[in-house]
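So you can see what is in the structure, the chains are spelled out below.
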Amino acid sequence: MEQDIRSHLTGLLRQALASIAPSHAQAEILLDRPKIASHGDFATNLALQLAKQLRRNPRELAQQLVSEIPRSPYLAKAEVAGAGFVNLFVATAAKSAVVGQVHAQGAAYGRSTLGGGQRIQVEFVSANPTGPLHVGHGRGAAYGASLANVLDFAGFHVTREYYINDAGRQMDILAVSTWLRYLSLHNVQLTFPPNCYQGDYVRAMASQIDSAHGPRFVRLPASEMEARLPGLPPGERQDPDATAQRETHLDALIALAKELLGDDYAYVHNHALTEQLGDCREDLGEFGVHFDVWFSEKSLFDTALVQRAVAQLERNGHLYEQDGAKWFRSTAFGDEKDRVVQRENGVFTYFASDIAYHLNKYERGFDKVIDIWGADHHGYIPRVKGAVQALGLDVSRLDVALVQFAVLYRDGVKASMSTRKGDFVTLRELRQEVGNDAARFFYALRKSDQHLDFDLDLAKSRTNENPVYYVQMAHARVASVLSNWGGEPAELAGADLGLLSGERELSLCAALAAFPEAVEAAAKDYAPHHIAFYLKDLAAELHSYYNAERILVDEPAVKLARLALVAAVRQVLASGLALLGVSAPEQM
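Residues numbered from 1 in each chain as written. Predicted model: local features only at pLDDT ≥ 70, side-chain atom pairs only at ≥ 80, totals over all residues. Heavy atoms only, no water.

**Looking at the overall build of the chain**
And then number 1: What the chain contains, in helices and strands, is 22 helices and 14 strands.
And then number 2: Taken along the three principal axes of its C-alpha coordinates, the chain extends 95 × 60 × 40 Å.
And then number 3: In the chain, which comprises 588 residues, the proportion classed as buried is 51%.
And then number 4: Surface accessibility of the chain: about 26100 Å² in total, with carbon and sulfur atoms responsible for 48%.
And then number 5: Separation of charge centres in the chain, based on 58 positive and 71 negative side chains, amounts to 3 Å. (Helix = DSSP H or I, 4+ residues; strand = E, 2+ residues; numbered from the N terminus. Buried < 20%, exposed > 50% of the residue type's maximum accessible area, 1.4 Å probe, protein only. Areas by Shrake-Rupley, 256 points an atom, 1.4 Å probe, with all protein chains shown as cover. Lys, Arg positive; Asp, Glu negative; His and termini not counted. Charge placed at Lys NZ, Arg CZ, Asp CG, Glu CD.)

**Quick word on the pattern of salt bridges**
And then number 1: One pass over the structure, following the stated rule, counts 30 salt bridges.
And then number 2: Here K77 and E79 are joined by a salt bridge, their closest N and O atoms 3.7 Å apart.
And then number 3: Note on K77: relative accessible area 42%, which makes it partly exposed.
And then number 4: The residue K361 makes a salt bridge to D371 at a minimum N-O spacing of 2.6 Å. (Salt bridge = Lys/Arg side-chain N within 4 Å of Asp/Glu carboxyl O.)

**Side note on the packing of aromatic side chains**
And then number 1: With the rule as written, the count across this model stands at 20 aromatic pairs.
And then number 2: Arranged with centres 5.8 Å apart and planes meeting at 15°, the rings of F328 and F333 form a pair that is stacked.
And then number 3: Among the residues examined, F328 registers a relative accessible area of 0% and is labelled buried.
And then number 4: Taking the relative accessible area as the measure of exposure, F333 reaches 22% and is therefore partly exposed.
And then number 5: Above the plane of the ring of F89 lies K77, whose end atom (NZ or CZ) is 4.6 Å from the centre.
And then number 6: One Lys or Arg, R440, reaches over the ring of F287 and ends 5.5 Å from the middle of that ring. (Phe/Tyr/Trp six-rings, centres within 6.5 Å; stacked < 30°, edge-to-face > 60°. Lys NZ or Arg CZ within 6 Å of the ring centre and 35° of its normal.)

**Some points on the layout of surface pockets**
And then number 1: Roughly 1500 Å³ of internal volume is contained in the largest pocket.
And then number 2: Lining the largest pocket are 48 residues, and of these N128, N165, Q170, Y350 and H377 sit closest to its centre.
And then number 3: Only α5 (135-153), α6 (169-184), α11 (297-302), α13 (350-363) and β10 (368-374) provide two or more residues apiece to the lining of the largest pocket.
And then number 4: Of the pockets and cavities examined, the second largest pocket occupies roughly 740 Å³.
And then number 5: Taken together, the residues of the lining of the second largest pocket sort by class into 13 nonpolar, four polar and seven charged. (1 Å grid on protein atoms, 1.4 Å probe; cavity = no way out; pocket = protein on both sides within 12 Å on 5 of 7 lines; lining within 4 Å. Points joined across faces, edges and corners; volume = space filled by probe spheres on them. Nonpolar A, V, L, I, M, F, W, Y, C, P; charged D, E, K, R; others polar.)

**Thoughts on the confidence of the model for the chain**
And then number 1: With 98% of its residues at a pLDDT of at least 70, the chain reaches an overall mean of 94.
And then number 2: Between residues 418-422, whose pLDDT stays under 50, and residues either more than four places distant or in other chains, the model counts eight contacts. (pLDDT = per-residue confidence, 0-100. Contact = heavy atoms within 4.5 Å.)

**So, empty space enclosed by the protein**
And then number 1: Tallied over the full model, the rule gives two cavities of 30 Å³ or more.
And then number 2: There is about 70 Å³ of room inside the second largest cavity.
And then number 3: Among the elements that make up the lining of the second largest cavity, the one with the highest residue count is α5 (four residues).
And then number 4: Here the lining of the second largest cavity is composed, by residue class, of six nonpolar, three polar and three charged.

**Quick word on the packing of helix α9 (residues 240-261) against helix α10 (residues 264-286)**
And then number 1: Relative to each other, α9 and α10 sit at 125°, their axes nearing to 7 Å. Looking at the two axes, α9 sits oblique to α10. Of the residues in α10, those in contact with I254, A257, K258 and L261 of α9 are D264, Y265 and V268.
And then number 2: Looking at side-chain class alone, the contact of α9 with α10 contains five nonpolar, no polar and two charged residues. (Axes fitted to C-alpha atoms, helices over the stretch in contact; angles between N-to-C directions. Parallel < 35°, antiparallel > 145°, perpendicular 65-115°, else oblique.)

**Here's the deal with unusual backbone geometry**
And then number 1: With phi around 55°, R55 is a residue other than glycine that occupies positive phi space.
And then number 2: For R55, a relative accessible area of 79% gives the class exposed.

**Overview of the sheet that holds strand β6 (residues 293-296)**
And then number 1: Overall, parallel pairing links the five strands, which are arranged β6-β5-β4-β10-β11 in an open sheet. Edge strands, defined here as strands with exactly one partner in the open sheet, are β6 and β11 (398-403). Averaged over neighbouring strand pairs, the angle between their axes works out to 25° when direction is ignored.
And then number 2: Contacting β4 (119-123), β5 (157-164), β10 and β11, α5 crosses the sheet at an angle of about 160° to β5.
And then number 3: Sitting on the sheet, helix α14 (residues 381-390) touches β10 and β11, and the angle it makes with β11 is about 165°. (Pairing = 2+ DSSP bridges.)

**With respect to the side chain of N360**
And then number 1: With respect to the secondary-structure elements, N360 resides in helix α13.
And then number 2: Polar contacts involving the side chain of N360 include one to the side chain of R364, which spans 2.8 Å.
And then number 3: In contact with N360, not counting residues within four places along its chain, are F295, L300 and L305. (Polar contact = N/O pair within 3.5 Å; in protein donor to acceptor, adjacent residues only side chain to side chain.)

**Observations concerning the nonpolar core**
Nonpolar side chains in soluble globular proteins tend to end up buried together.
And then number 1: Judged by nonpolar contacts, the single largest core of 135 residues is most densely connected at V99, L151, W179, L284, F441 and Y443.
And then number 2: Ignoring any residue separated from it by four or fewer positions in sequence, one finds L151 in contact with I120, V122, F156, V158, I370, A523 and Y526.
And then number 3: If you look at the next biggest cluster of nonpolar residues, it comprises 31 residues, including A356, L359, Y362 and A390. (Core = buried A, V, L, I, M, F, W, Y, C linked by side-chain atoms within 4.5 Å.)

**Quick word on the packing of helix α19 (residues 503-513) against helix α21 (residues 529-548)**
And then number 1: It is at 10 Å that the axes of α19 and α21 come closest, and there the two elements cross at 160°. Regarding the angle of α19 to α21, the classification is roughly antiparallel. The two elements α19 and α21 meet at a crossing, and its hand is left-handed. Here R504, E505, S507, L508, A511 and L512 of α19 lie close against α21, whose contacting residues are Y534, L538, E541, L542, S544, Y545 and A548.
And then number 2: Tallied by class, the residues present in the contact of α19 with α21 amount to eight nonpolar, two polar and three charged. (Left-handed = near helix turned anticlockwise from the far one by under 90°.)

**Section: the sheet that holds strand β14 (residues 452-455)**
And then number 1: Ordered by their spatial adjacency, three strands build an open sheet running β13-β12-β14, and the pairing between neighbours is mixed. The sheet is open, and its two edges are formed by β13 (413-414) and β14, each paired on a single side.
And then number 2: Against the sheet, helix α16 (residues 436-443) contacts β12 (406-410) and β14, and its axis sits at roughly 155° relative to β14.

**Brief notes about α16**
Residue pairs spaced three or four apart in an α-helix point in one direction, given the helix's 3.6 residues per turn.
And then number 1: Within α16, six of the eight residues are buried, which leaves the element mostly enclosed by the surrounding structure.
And then number 2: If you check which residues of α16 are buried, you get A438, A439, R440, F441, F442 and Y443.

**Thoughts on the pairing of strand β7 (residues 319-322)**
Each regular strand shows side chains that alternate between the opposite faces of the sheet.
And then number 1: Bridge count between β7 and strand β8 (residues 325-328): four bridges; the pairing is antiparallel. Its bridge partner lying in β8, Y320 is registered against W327.
And then number 2: Between β7 and β8, which pair antiparallel in sequence order, lie two residues; one of them, D323, sits at a positive phi of approximately 55°.

**What to know about helix α18 (residues 467-485)**
And then number 1: Compared with the 27 Å implied by 1.5 Å per residue over 19 residues, the 28 Å span of α18 between its first and last C-alpha is a close match.
And then number 2: With respect to burial, α18 is a largely interior element, 15 of its 19 residues being buried.
And then number 3: Two residues or fewer past α18, G486 is found with a positive phi of approximately 80°. (Expected span 1.5 Å × (residues − 1).)

Now the structure itself:
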């Protein structure tokens, strides 16, 4: 109804404009919602916008527009305000009609044809499967899942995808970390490097391997292996030379493990990958986040797509060789420096596989590709977009959305809940602390690229200050009213909506009518926080109405109309919460 009324009013204004300025009849007409109710339901600055071109006084032009607006059952009145704004007041019957529309469409109310069925891929989380997901991954998961839901609701054909970094050095480090912990169970005590993975989950995987295979993966005494490795710097030095020395030692350790284990290395590697990826799937699934595609980085090498992508860049003249390595000339596309895609030893870089992955996305035929990255990857955008352009692909089809980290607070103090070394809080710990609903809603309360302070005490509270409790309570309140009524929902379709004429009732109707607009705004801006804000406003309208008016009044017709109104609110609250992955409880 919101879009119907908006379109209708725009048409009326265009007819008026054609009457007084035919040459400008196709000018853009913008309708905004005034913040003050007395200023109408919609307002336009059309007269101010055209005054200079038409060499007219904007207020006089606005008055002419008002006088030429055709009569309409949807428009109660139009009036000039300020320096030349036109305020439009929607007729009462047109406002209350939205209630019937919600009942007729049910869960489909608010769906949009904005996307036109375009195929859109949303790739999010994509954390290295090298350990538990943390609260930063959780925010990316909540944002990506909610955005995908919104885009689907807005008429796009959405594919949700997780990119598994199952090739490369990080997985090798996890495999070696697990092997070292396994060796210690057999009294082969090598120095455990500080740049290996430290968590208890690594010890757990080592114990699993030991339980299944005993000493099968023990090869040499610790002293013989230590003798084949470069030394580590003493103490906890953090200077560049010490860091480089640790990395050299770790690379040598990985190479030694591959040499000694031979074909068995693949087992250790795959066990670690399978365990961590399985934990990730389970964690996300419990969080209500699901993917259509889990895409393997390794498959890019198995299908030679990395080699093909690099060769294509070379053919297009965007690579050069230096010191035996192949470099992508990314400075030509706004990057701060050129980037290596293939090292002098022939090994492709992570950037090379990322280029191939984006080539694969385009070859799958998506109309739009959305990458959701942590904000610390901001500098990565120019080189990836540059590579897409260098491949001869339409870079406008690629969008990158950034997600800032979330900081947890308890009693006003930064919280630390993790017992794992590394001092990070896992997503699972957060969910156990506050619950899925609070986590999903609180993550959605800020624009994704804004810093988020997550108040744990507020998220657990059962007060009106807790936004998720406040919204869910509105839904539960309506459910309670309908339960007390005890009638059949089908009766509500026959309600006389013309009886909804009170200020609070019409305000609720206006809020219901704004839902499709909120969905489209969230889809256009990649901003599911618009839905969270909308739900808070709708809940506030419902609570205000509930506290001020009796719903189950004695007059049957009035009672039925008010029940129809609040039942429509319940439907829209449930739909909005579902977009954010939050439940809509019948009782609290």
